[in-house]
Every structure is written in C-alpha cells, then in structure tokens.
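The primary structure of each chain is shown beneath.
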Amino acid sequence: MEDLLKQMILAFATAGGCGYVNYYILDNLNKINISENDSNDKVFVLGLFSLINLLVCFLFTDIFKWNLIASVASTLALTIILSFTLFPWVIGKYTNYINKARKDSFGNGEFNSKSVKTILFDRNEVLFVYVFDLRSDRLLIHGCMGWENQKSKDYEFSIYPFPGLEKLTFDEAMNKCENNDDVEAYVNVDKQIKIVIIPEPK
C-alpha cells in the first residue's frame, strides 16, 4: 500500500511537471497565448496537459507494466516530443475550425493564438516606431526598433536614433496608418502609451 501511494504521488508530480513543460514549449512556439492576468485559463491549460501526461504515465505503468522510473522517463521524453509535433498540430486544427466558425457566423474577425505584441513587432524587416502618451498624444520618443523582451511582465524594448527620421505628430502617424496597410498601431493601456509602427519603405 505504501509503495502504491509513493507511485501515485510520483506520477502526479511527474504529470504536473510535464504539464508545465508542455505549456512552456507551446508558449515559446507562439501556439498558445495566455495573459499573466488570466490565471484561470493558465490553471485550466496546465491541468489539461497534466491530466494527459498522467494518463500516459499510467499507460506505461499499468498497461505495459513498466517500472516507475522507466515510465516517468518515457512520459517526460514523450511529452517533449508531443509539444513540438502533435500538440501544435491539434492547436492549429482547432484554430482553423474556430476561424471558419467565426467567418460563417460573423463574416470576419479571425482568432490568432499569437500575442498582439508578437504579431506587430516580430517582423523580419526594419521598423520605425513612434511612442506617444496615451492621453495627451505627446510624442515621447521615436526611432528604429531595436531589442525587445516580449516575455517580460513589464514589456521592454529599445529604440535607437535613425538619421533623417522625421518627427510625426500622432495625427500624422495615424494618417500613415490609413494610407498604408503595413503601418499599424499598438496600444498598451497599463503603460499609458500607444506606438505607431512604420516599416522601412522598400
């Protein structure tokens, strides 16, 4: 009885750890995007992956009759493989289904698992950014987008001067948005800023 209890505790601990591994990999692959404020969603996702891993671990121990160490090691290896293969595929299929359902019901409005910051800033091109105060529209800084840290709770990025880059008022920057589909605006209410992103002309 004591051995069985130890096995169950270790299996549950393994499932929970592997569930976090699933979440970490998929989050870094931009396959799932859960805000740090959405604790309920994060708990649900971690619980779902932990349950899957627990079932896998019990499959090895109870069906295949492997010993606990082999089962735990195999569960960990399998959960990493699935995080790069099956799980992204399933999430992609689910996203496509949701987008089709939304299009049939509403005509537009696609769901994207990537964060807004990733969609706007993660581009393989030079980006000029204009940062304005959210309330006053005052230009705080402008320049060329440098290093950014999208994973930090306090979103951080660097801007470096670009020779000849003109200053723009908020209205002038928004006019460029209206005349160019590649120009976009990002609003961060928490930081009280809005950023107009303008790709380098080609």
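From a predicted model like this one, the values you see are computed outputs, not experimental measurements. (Residues numbered from 1 in each chain as written. Predicted model: local features only at pLDDT ≥ 70, side-chain atom pairs only at ≥ 80, totals over all residues. Heavy atoms only, no water.)

With that settled, the discussion passes to the overall build of the protein. Secondary structure summary: the protein contains 6 helices and 5 strands in total. Mapped in sequence order, the helices and strands of the protein form the string α-α-α-α-α-β-β-β-α-β-β. Each of the 202 residues in the protein was classed as buried or not, and the buried ones make up 32%. Of the contacts formed within the protein by residues at least 6 apart in sequence, a portion of 56% connects residues at least 24 apart. Of the roughly 13,300 Å² of accessible surface on the protein, 58% is carried by carbon and sulfur atoms. (Helix = DSSP H or I, 4+ residues; strand = E, 2+ residues; numbered from the N terminus. Buried < 20%, exposed > 50% of the residue type's maximum accessible area, 1.4 Å probe, protein only. Contact = heavy atoms within 4.5 Å. Areas by Shrake-Rupley, 256 points an atom, 1.4 Å probe, with all protein chains shown as cover.)

What follows concerns the packing of helix H2 (residues 39-63) against helix H3 (residues 68-84). Any two packed helices are characterised by the angle at which their axes cross and by the distance between the axes. Contact geometry of H2 with H3 gives a least axis separation of 9 Å together with a crossing angle of 140°. The angle between H2 and H3 places the two elements in the oblique class. For H2 against H3, the interelement crossing comes out right-handed. For the pair H2 and H3, contact is made by Asn53, Val56, Cys57, Phe60 and Thr61 and by Leu68, Ser71, Ser74, Thr75, Leu78 and Thr79, respectively. Looking at side-chain class alone, the contact of H2 with H3 contains 5 nonpolar, 6 polar and no charged residues. (Axes fitted to C-alpha atoms, helices over the stretch in contact; angles between N-to-C directions. Parallel < 35°, antiparallel > 145°, perpendicular 65-115°, else oblique. Left-handed = near helix turned anticlockwise from the far one by under 90°. Nonpolar A, V, L, I, M, F, W, Y, C, P; charged D, E, K, R; others polar.)

As for its placement among the helices and strands, proline 201 is situated in the segment after strand S5 (193-199). On the basis of relative accessibility, which here comes to 70%, the residue proline 201 falls in the exposed class. Distance in space between the C-alpha atoms of proline 201 and leucine 127 is 9.6 Å, their sequence separation being 74 residues.

Below, the discussion takes up the packing of aromatic side chains. Considering all chains together, one arrives at 8 aromatic pairs under this definition. Both rings, one in phenylalanine 60 and one in phenylalanine 64, keep their centres 6.0 Å apart while their planes meet at 35°; by these two values the pair is tilted. A network of ring pairs unites the aromatic residues Tyr20, Tyr23 and Tyr24 as a single cluster. In this structure, lysine 194 is placed above the aromatic ring of phenylalanine 170, and the distance from its NZ or CZ to the ring centre is 3.9 Å. (Phe/Tyr/Trp six-rings, centres within 6.5 Å; stacked < 30°, edge-to-face > 60°. Lys NZ or Arg CZ within 6 Å of the ring centre and 35° of its normal.)

So, about the environment of leucine 140. Structurally, leucine 140 can be placed in strand S2 (residues 139-149). Accessibility expressed as a relative area gives 38% for leucine 140, which makes it partly exposed. In the structure, leucine 140 is positioned 54 residues away from lysine 194 in sequence and 9.9 Å away in space, judged by C-alpha atoms. Not counting residues within four places of it along the chain, the set of residues in contact with leucine 140 comprises Val131, Phe132, Asp133 and Ile193.

On to the nonpolar core, then. Grouped together as the largest cluster of nonpolar side chains are 11 residues: Leu120, Phe121, Leu127, Val129, Val131, Met145, Ile159, Tyr186, Ile193, Ile195 and Ile197. When contributions to this core are tallied by element, the ones reaching two or more residues are helix H5 (116-121), strand S1 (127-133) and S5. (Core = buried A, V, L, I, M, F, W, Y, C linked by side-chain atoms within 4.5 Å.)

This next bit is on the pairing of S1. For a regular strand, the rule is simple: side chains alternate between the two faces of the sheet. Burial analysis of S1 places 6 of its 7 residues in the buried class, which makes it a mostly covered element. In the sheet, S1 pairs with S5 via 7 bridges, with the strands oriented antiparallel. Bridge pairing in S5 places phenylalanine 128 opposite isoleucine 198. (Pairing = 2+ DSSP bridges.)

With that out of the way, let us pick up a nonpolar patch on the surface. A cluster of nonpolar residues, Leu29, Leu76, Ile80 and Phe84, forms a patch on the protein surface that exposes about 340 Å² of accessible area. Position of leucine 29 relative to the elements: it lies in the loop between helix H1 (2-28) and H2. A relative accessible area of 36% means that leucine 29 is categorised as partly exposed. (Patch = residues over 30% accessible without salt bridge, like charges linked within 9 Å, V, L, I, M, F, W, Y side chains within 5 Å. Salt bridge = Lys/Arg side-chain N within 4 Å of Asp/Glu carboxyl O.)

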